[in-house]
Amino acid sequence: MKTVRVLIVDDHRLFRSGVRAELGPSIQVIGEADDVDSAVAAIADLEPDVVLLDVHMPGGGGQEVLKRVLGPGSQVRFLALSVSDAAEDVIGVIRGGARGYVTKTISGAELTDAITRVSDGDAVFSPRLAGFVLDAFASTEAPPIDPELDSLTQREREVLRLIARGYAYKEIAKELFISVKTVETHVSSVLRKLQLSNRHELSRWATARRLV
């Protein structure tokens, strides 16, 4: 059986440990990194076959890692693994050079299969995300600019999307591996930036922009 050497890049230690525990015997985790700089250094030092790459991290996120690592002669392949299923995140890392994008709802067996396929040169996506990529690369038009949406940080967008899906603050905290207080801080910031007054208005705002 082919063994695939993997580096896990995610800024949540508990999540990295969980991924290690779920991967099948054909996957050898050779290292971990929790931000952009440590990821770039670990890739250069360990030379993994596949990097499991979180999209949002300190130091610039997954796209910054791709920009700094990929180039002529680069052999490493990247599989994005994120809580976010936003079209802009998916398209951004794929255009940056990742071979696939799966969400953190994926099972251990499915993730093991996805890593193996990416190592073999295939492109792998969670089912509903493939359409984003096809649409993006089939279209020659630039996506419309939304100043209000652009004013939000990536984490604020993630919180907003989950609020719009009806998640409670405790559920959002669990999903994003952050505290309830941090969720409340993000919600307050989003309300202020968008000049809205409550979570129901946030849900309507997100639904109107097809962020849900």
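Predicted model, so just to flag it, every value in this text is computed and none were measured. Sequence order as written defines residue numbering, which begins from 1 separately in each chain. For this predicted model, a pLDDT threshold of at least 70 governs which residues receive local features, and a threshold of 80 or more governs which side-chain atom pairs are given and counted, while totals over whole chains, interfaces and linings are taken from all residues. Hydrogens and waters are ignored; side-chain quantities use all the structure's heavy atoms.

Ordered in space as S2-S1-S3-S4-S5-S6, the 6 strands form an open sheet in which the pairing is parallel. Where the open sheet ends on each side, the last strands, each with one partner, are strand S2 (27–33) and strand S6 (124–125). Both strand S3 (residues 50–53) and strand S4 (residues 77–82) contribute to a ladder of 4 bridges, which runs parallel. Residue pairing in the sheet places Val50 in a bridge with Arg77 of S4. The sheet strands contacting helix H2 (residues 36–46) are strand S1 (4–9), S2, S3 and S4, and the helix crosses S1 at an angle near 165°. Whether two strands pair comes down to DSSP finding at least two bridges between them. A run of H or I in DSSP becomes a helix once it reaches four residues, and a run of E becomes a strand once it reaches two; helices and strands are each numbered from the N terminus. Any two residues having at least one pair of non-hydrogen atoms within 4.5 Å are treated as being in contact. Between N-to-C directions, angles span 0 to 180 degrees; the directions come from axes that are lines fitted to C-alpha atoms, helices contributing only their stretch in contact.

Time to look at the UniProt feature "modified residue: 4-aspartylphosphate" (unreviewed entry) in the protein. Under the feature "modified residue: 4-aspartylphosphate" (unreviewed entry), the UniProt entry names Asp54. Positionally, Asp54 belongs in the loop between S3 and helix H3 (62–69). In this scheme, a residue with accessible area under 20% of its type's maximum is buried, one over 50% is exposed, and one in between is partly exposed, where area comes from a 1.4 Å probe on protein chains only. Taking the relative accessible area as the measure of exposure, Asp54 reaches 5% and is therefore buried. Other than its neighbours up to four places away in sequence, Asp54 contacts Val9, Asp10, Asp11, Gly62, Leu81, Ser82 and Lys104. UniProt positions are given in the numbering used here, feature names are shortened, and annotations may be inferred rather than shown by experiment.

Under the UniProt annotation, the feature "domain: Response regulatory" (unreviewed entry) is placed at residues 5–119. Its end C-alpha atoms 9 Å apart, residues 5–119 is made of 44% helix and 23% strand.

Our next topic: the side chain of Ser203. Structurally, the position occupied by Ser203 is in helix H11 (residues 199–208). Discounting residues that sit within four places of it in the chain, Ser203 has contacts with Ile163 and Ala164.

By the assigned domains, the protein splits into domain 1 (1–121) and domain 2 (123–212). Using C-alpha coordinates to define each centre, domain 1 is positioned 22 Å away from domain 2. Summed over both partners, the accessible area (1.4 Å probe) lost when two parts come together is defined as the buried area. Buried area between domain 1 and domain 2, both sides added, is near 2,000 Å², and the carbon and sulfur share of it is 61%. Here a salt bridge means any side-chain nitrogen of Lys or Arg lying within 4 Å of a carboxyl oxygen belonging to Asp or Glu. On inspection of domain 1 and its partner domain 2, the count reaches 0 salt bridges. Under the rule applied, a polar contact is a pair of N or O atoms within 3.5 Å (in protein, one hydrogen donor and one hydrogen acceptor; residues adjacent in sequence only if both atoms are side-chain atoms). On inspection of domain 1 and its partner domain 2, the count reaches 6 residue pairs in polar contact (both at pLDDT 80 or more). Where each domain begins and ends follows an automated or database-derived domain assignment.

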